[in-house]
Amino acid sequence: QVQLVESGGGLVQAGGSLRVSCAASGRTFSNYGMGWFRQAPGKEREFVSGIRWSGGSTYYADSVKGRFTISRDNAKNTVYLQMNSLKPEDTAVYYCAAQTAYPRDLRRGGEYDYWGQGTQVTVSS
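Described below are features of the structure shown in this document. (Residues numbered from 1 in each chain as written. Predicted model: local features only at pLDDT ≥ 70, side-chain atom pairs only at ≥ 80, totals over all residues. Heavy atoms only, no water.)

Time to look at the state of the cysteines. Under the counting rule described, the total for this entry stands at one disulfide. Each disulfide pairs two cysteine sulfurs, and for Cys22 the partner residue is Cys96, the sulfurs being separated by 1.9 Å. Here Cys96 lies in strand 9 (residues 92–98) and Cys22 lies in strand 3 (residues 18–25), a separation of 74 residues in the sequence. Neither Cys22 nor Cys96 differs from the other in exposure class; each is buried. (Disulfide = S-S within 2.5 Å. Helix = DSSP H or I, 4+ residues; strand = E, 2+ residues; numbered from the N terminus. Buried < 20%, exposed > 50% of the residue type's maximum accessible area, 1.4 Å probe, protein only.)

Shown next, in the form of structure tokens:
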């Protein structure tokens, strides 16, 4: 059974940092893209960041570019999202997702095959 389990969310003040992790089990995703999405209350899910299997290509939403960094450790089947200079508008449930084919658009949620259950990130002003 494939599982993606996020961890590391929490409450942080504006300007602070958090790192969320996503550990995959049940199969390896080392050959495929993985990504992070988020959904704030009353809003649609949106793309945050994506990374190719090699880690050599990364993509970011304009709203987080320069503040967030995605990385992955294929040996651990884990992807990370380092979030710095957090803002109240970053408050959302953060979901990781994994693809099982290449190449696919990392920015589109419909291009992912597996999703985690989400982790809450709350940024207070």
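When you line up the elements, Thr119 lands in strand 11 (residues 119–124). Polar side-chain contacts of Thr119 include one of 3.3 Å to the backbone nitrogen of Gly9. Those residues in contact with Thr119 that lie beyond four places of it in its chain are Glu6, Ser7, Gly8, Gly9, Val20, Ala92, Val93 and Tyr94. (Polar contact = N/O pair within 3.5 Å; in protein donor to acceptor, adjacent residues only side chain to side chain. Contact = heavy atoms within 4.5 Å.)

Residues Leu4, Met34, Trp36, Phe68, Leu81, Met83 and Tyr94 are the most contacted members of the largest nonpolar core, which totals 32 residues. Breaking this core down by element, the ones donating at least two residues are strand 3, strand 4 (34–39), strand 5 (46–51), strand 7 (68–73), strand 8 (78–83), strand 9 and strand 11. It is strand 9 that contributes the most residues to this core, five residues altogether. Filtering out sequence-adjacent residues up to four positions away, Tyr94 remains in contact with Glu6, Trp36, Phe37, Arg38, Val48, Phe68, Leu81, Met83, Gly118, Thr119 and Val121. (Core = buried A, V, L, I, M, F, W, Y, C linked by side-chain atoms within 4.5 Å.)

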